[in-house]
Amino acid sequence: MSPIDSPRLTVIGTGYLGATHAICMAALGYEVLGVDVDEEKIAKLQSGETPIFEPGLPELLTKALDSGRLRFTTSYTEAARFGDVHFICVGTPQQAGSDAADVSYVDAAVRSLAPHLDRRALVVGRSTVPVGTAERLTGLLRELAPAGTDVELAWNPEFLREGFAVDDTLHPDRLVFGVASDWAEERLRAAFRPVLEYGAPVVRTDLATAELVKVAANSFLATKISYINAMAEVCEAVGADVKDLADALALDDRIGGRFLKPGLGFGGGCLPKDIRAFAHRAEEMGVGQATSFLREVDKINQRRRARTVDLVGELLGGRIAGARVAAWGAAFKPNSDDIRDAPALEVARTLHGLGADVRVYDPAALGNARRAFPELSYGESALDVARGADVVVLLTEWTEFREVDPDALGAVVDHRRIVDGRHVLNAGRWRAAGWEYRALGRP
């Protein structure tokens, strides 16, 4: 197939987003070159080791490497020579001491690639950035690339869910193409041809709108989650049950049940920092009032963590110091080893700071948790950390925690007390087995 129909792709940045995109594109039949400045990460990927825990990704990496369609490099010269379409997939973390997004990695990627672009090519941003970044980078590309205006910039935001990233890449619910020309759209369509053949709808728009789509989507999801958790606070004040309230609201098709789930709240590397960066950027542009509600969304989310600690204290009769606590979960969500801004670990660390003997178990994130928080104790299974526990706290909704038998667990703990931080256990079943059961927003 000709380069026009099947362009060669580079993926700059091989973290969660970049590694997934490079591997999946190679699996779809493209020739792909992954690029990163981290030599150790590149060596591991080239040897078949994925940098993240993501179901299905290791198997796809092995197949892609064996096919010869996927390689990795640290050379931007090689990347420019190889690629027709260059995807920028580096991180945009929150700036230290600020709510703003740190776009230095995006800038560095463009500055490293552009001087080697001496022919017509498309550079595609996938990273989540403040609106206006693409316009600025367009000027930077034209200034630094030998090919000048023959190099165009497009923006194609990602909508990956950790734990489902492979399917979200291969079968996305939509593709957003932020472009400035028909040629750029044609290049993107060629770069996503198999995905489009599966029926993924395309929204063509301008660069600024494409940048906004991702932060607007994450802000809406965060708002929905914090809304039901705000209702949980009201329910606790009046003795109502937030789970029943959420179930009733979900039956209204104007509202729906997705993300209307009470509990410990959201974390991870996207929603918390994205809503803060969005509010910050809006304030910079003089429209801060339009996103001021996101500040309260963030505060509601943070309060859920403190309230979970309060529930543990209530079950312990106010005596947290010296109590043995089994903390189930470290990752911010199941099917992930990501501990960035993880509510589970914040609760565990707070309890530890209050003098509790906290033991943590997570099916995938123990390695990351141990490295980040060596002051905590860790165990090898859900039952292991629960031995002799005065209270069990379910903090990440892994399936294996949902399926624990209350009588089997009751045989190893010192006291049958449990805080269901994620509303995933059957309260009636656990109470019938002699457990004191508590959950946020439930009587």
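Residues numbered from 1 in each chain as written. Predicted model: local features only at pLDDT ≥ 70, side-chain atom pairs only at ≥ 80, totals over all residues. Heavy atoms only, no water.

- Looking at an unreviewed UniProt entry, one finds the protein named UDP-glucose 6-dehydrogenase, with Actinomadura rayongensis as its source organism.
- Listed in UniProt under the heading Pathway (unreviewed entry), the comment for the protein reads: "Nucleotide-sugar biosynthesis; UDP-alpha-D-glucuronate biosynthesis; UDP-alpha-D-glucuronate from UDP-alpha-D-glucose: step 1/1."
- Of the protein, the UniProt comment under Sequence similarities (unreviewed entry) reads exactly: "Belongs to the UDP-glucose/GDP-mannose dehydrogenase family." (UniProt positions renumbered as here; feature names shortened; annotations may be inferred.)

Regarding the overall build of the protein
- Counting secondary structure elements, the protein contains 19 helices and 14 strands.
- Compactness check: the protein gives a C-alpha radius of gyration of 24 Å against a globular reference of 22 Å for 443 residues, within 12% of the reference.
- Expressed along its principal axes, the backbone C-alpha trace of the protein runs to roughly 70 × 50 × 40 Å.
- Here the protein, with 443 residues, has 56% of them falling under the buried criterion.
- With 51 positive and 63 negative side-chain charges, the protein shows a separation of 2 Å between the mean positions of the two kinds. (Helix = DSSP H or I, 4+ residues; strand = E, 2+ residues; numbered from the N terminus. Rg over C-alpha atoms; globule rule 2.2 N^0.38 Å. Buried < 20%, exposed > 50% of the residue type's maximum accessible area, 1.4 Å probe, protein only. Lys, Arg positive; Asp, Glu negative; His and termini not counted. Charge placed at Lys NZ, Arg CZ, Asp CG, Glu CD.)

Brief notes about helix 5 (residues 104-113)
- Every buried residue of helix 5 is accounted for by V106, D107, A109, V110 and L113. Viewed end-on, helix 5 has its buried residues packed into an arc of 160°, placing them on one side of the element.
- Buried residues along helix 5 sit in contact with strand 1 (9-12), helix 4 (76-82), strand 4 (85-88), strand 5 (121-125) and helix 6 (133-144). (Arc of directions from axis to C-beta. Contact = heavy atoms within 4.5 Å.)

Overview of the domain arrangement of the protein
- With domains assigned, the protein is organised as domain 1 (9-205) and domain 2 (219-438).
- Here domain 1 and domain 2 have C-alpha centroids that lie 33 Å from each other.
- Residue-level contacts link 16 residues of domain 1 with 18 residues of domain 2.
- Summed over both sides, the interface of domain 1 with domain 2 buries roughly 1,400 Å², with 51% coming from carbon and sulfur.
- Looking only at domain 1, the three residues that lose the most surface to domain 2 are F53, D99 and E162, adding up to 44% of its buried area.
- Linking domain 1 to domain 2 there are two salt bridges.
- The salt bridge partner of R340 is E162, with a shortest N-O separation of 3.4 Å. (Domains from an automatic or database assignment. Buried area = accessible area lost by both parts, 1.4 Å probe. Salt bridge = Lys/Arg side-chain N within 4 Å of Asp/Glu carboxyl O.)

Some thoughts on the packing of helix 5 against helix 6
- Closest axis-to-axis distance for the helix 5/helix 6 pair is 10 Å, and the angle between their directions is 25°. Considering their axes alone, helix 5 and helix 6 lie roughly parallel with respect to each other. Every pair of crossing elements has a handedness; the one defined by helix 5 and helix 6 is right-handed. Judged by residue contacts, V106, D107, V110 and R111 of helix 5 engage R136, L137, L140, L141 and L144 from helix 6. (Axes fitted to C-alpha atoms, helices over the stretch in contact; angles between N-to-C directions. Parallel < 35°, antiparallel > 145°, perpendicular 65-115°, else oblique. Left-handed = near helix turned anticlockwise from the far one by under 90°.)

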